[in-house]
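Breakdown of the fold
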Amino acid sequence: MVDSIKKLIRDIPDFPKPGIVFKDITPLLAHSAEFANTIQLMAEGFRDQGIDRVVGIESRGFIFGAALAIEIGAGFIPIRKPGKLPYDTISEEYELEYGNDRVEMHVDAVREGQKILMVDDLLATGGTMGACCSLIRSLGAEIVSAVFLIELSFLEGRKRLMGIPVRSLIEY
Ligand code: AMP
């Protein structure tokens, strides 16, 4: 099953800048059966864990996160880029190759003691997911696991995820 999903992920060299091979998931999203299989695989083992909320990271994390939340019977929470959320927010900065970036979440999005499943399409250096996990923990919620469709394991992003269990369907 994973092999047929992998075939629908397209490599785009030098996007968005020279030297980066962008993993384009749009062919997978367009294929209804394989998109559904992807969500089934991501959900495996999480249906009976009492997960309260699935947290998805803008923007491709929304696509997988929302579907996964419905699949496992949890609510969905978006973490967004700065200035997009309408209510009071908390934010966390993280380092990029050049400069910094920031992620934001509504201050009341999760509560102390809630069980959270984190989702994004791809784990690279772990900077983005690391900052998102800090936001969730700052509100006292418990992160059960972080799930990705793709992991670029050579970048060792897991090391930045503070011991949080990581599941990825496809590793490069
Ligand atoms: P990082 O913070 O380095 O782990 O980067 C992860 C975030 O950047 C995710 O939200 C990905 O969607 C995006 N990203 C990083 N590298 C790639 C890549 N090679 N192809 C597609 N998306 C990427």
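So, a few notes on the structure that sits alongside this text. (Residues numbered from 1 in each chain as written. Predicted model: local features only at pLDDT ≥ 70, side-chain atom pairs only at ≥ 80, totals over all residues. Heavy atoms only, no water.)

1. Overview of the overall build of the protein
Put simply, the rule reads: Starting at the N terminus, helices and strands are each numbered in turn, a helix being any DSSP run of H or I of at least four residues and a strand any DSSP run of E of at least two. Radius of gyration: over C-alpha atoms. The globule rule applied is 2.2 Å multiplied by the number of residues raised to the 0.38 power. Residue burial is assigned from relative accessible area. The probe radius is 1.4 Å, only protein chains are included, and a residue is buried under 20% of its type maximum, exposed over 50%, and partly exposed in between. Any pair of residues with heavy atoms lying within 4.5 Å of one another is described as a contacting pair. Just so you know, the count uses Lys and Arg for positive and Asp and Glu for negative, and it drops His and the chain ends. Where a charge lies is defined by one atom per residue type: Lys uses NZ, Arg uses CZ, Asp uses CG and Glu uses CD.
A count of helical and extended segments in the protein gives five helices and nine strands. In sequence order, the secondary structure elements of the protein are arranged as α-β-β-α-α-β-α-β-β-β-β-α-β-β. The C-alpha radius of gyration of the protein comes to 15 Å, within 12% of the 16 Å expected for a compact globule of 172 residues. Considering the protein as a whole, with its 172 residues, one finds that 42% of them fall into the buried category. The long-range fraction of contacts in the protein, counting pairs at least 24 apart against all pairs at least 6 apart in sequence, stands at 58%. One finds the centroid of the 19 positive side-chain charges in the protein at a distance of 2 Å from the centroid of its 25 negative side-chain charges.

2. Things to note about the packing of aromatic side chains
Quick reminder of the rule: Under the pairing criterion, centres of Phe, Tyr and Trp rings, with the six-membered ring standing for Trp, must be within 6.5 Å; the plane angle then separates stacked pairs below 30 degrees from edge-to-face pairs above 60, leaving the rest tilted. Cation placement over rings: the criterion is NZ of Lys or CZ of Arg within 6 Å of the ring centroid and within 35° of the ring normal.
Per the stated rule, a full pass over the model turns up three aromatic pairs. Between Phe 15 and Phe 22, the aromatic rings sit 5.2 Å apart at their centres with planes inclined by 85°, giving edge-to-face as the arrangement. Taking the centre distance of 6.1 Å and the plane angle of 85° together, the rings of Phe 62 and Phe 76 count as edge-to-face. Of the two residues, Phe 62 is situated in helix H4 (residues 60–72) and Phe 76 in strand E4 (residues 75–79); the sequence distance between them amounts to 14 residues. Look at Phe 76 and you get partly exposed, because its relative accessible area is 30%. In this arrangement the basic side chain of Lys 6 is found over the ring face of Tyr 172, its NZ or CZ atom lying 5.2 Å from the centre. Directly above the ring of Tyr 172 sits Lys 23, whose terminal nitrogen or CZ lies 3.6 Å from the centroid.

3. Description of the packing of helix H3 (residues 32–43) against H4
In plain terms, the rule: An axis is simply a line fitted to the C-alpha atoms; with a helix, the fit covers only the stretch in contact. Between two such axes, the angle follows the N-to-C directions and lies from 0 to 180 degrees. By convention, the crossing between two helices is left-handed when the near helix turns anticlockwise from the far helix through less than a right angle, and right-handed when the turn is clockwise. The nonpolar class holds Ala, Val, Leu, Ile, Met, Phe, Trp, Tyr, Cys and Pro. Asp, Glu, Lys and Arg form the charged class, and all remaining residues, Gly among them, are polar.
In contact at an axis separation of 9 Å, H3 and H4 are set at 65° when each is read in the N-to-C sense. Judged by the twist between their axes, the crossing of H3 over H4 is right-handed. Touching Phe 35, Thr 38, Ile 39, Gln 40, Met 42 and Ala 43 of H3 are Ile 63, Phe 64, Ala 67, Leu 68, Glu 71 and Ile 72, all from H4. Taken together, the residues of the contact of H3 with H4 break down into nine nonpolar, two polar and one charged.

4. Regarding H4
Threshold: To estimate how far a helix should extend, the number of its residues minus one is multiplied by 1.5 Å. Relevant arc is that of directions from the helix axis to the C-beta atoms, nothing else.
A rise of 1.5 Å per residue sets the reference length of H4, with its 13 residues, at 18 Å; its end C-alpha atoms lie 19 Å apart and thus fit the reference within 8%. What H4 keeps buried is the set Gly 61, Phe 64, Gly 65, Leu 68, Ala 69 and Ile 72. The arc that holds the buried residues of H4, viewed along the axis, is 135°, so those residues lie on one side. In the core, the buried residues of H4 are packed alongside helix H2 (26–29), H3, strand E3 (53–57), E4, strand E7 (115–123) and strand E8 (142–151). At the exit of H4 stands Gly 73, carrying a positive phi of roughly 75°.

5. Looking at the side chain of Asp 120
As a reminder of what qualifies: For this document, the term salt bridge refers to a Lys or Arg side-chain nitrogen within 4 Å of an Asp or Glu carboxyl oxygen. Identification of polar contacts relies on pairs of N or O atoms within 3.5 Å, with a donor-acceptor requirement for protein atoms, meaning one able to donate a hydrogen and the other able to accept it, and with residues adjacent in sequence counted only if both atoms are side-chain atoms.
Take Asp 120: it is sitting in strand E7. No salt bridge forms around the buried Asp 120; measuring N to O, its nearest opposite-charge neighbour Arg 60 is 6.2 Å away. Reaching out from Asp 120, the side chain makes a polar contact with the backbone nitrogen of Gly 61 at a distance of 3.4 Å. Not counting chain neighbours up to four residues away, the residues in contact with Asp 120 comprise Met 42, Ile 57, Arg 60, Gly 61, Met 129, Val 147, Phe 148 and Leu 149.

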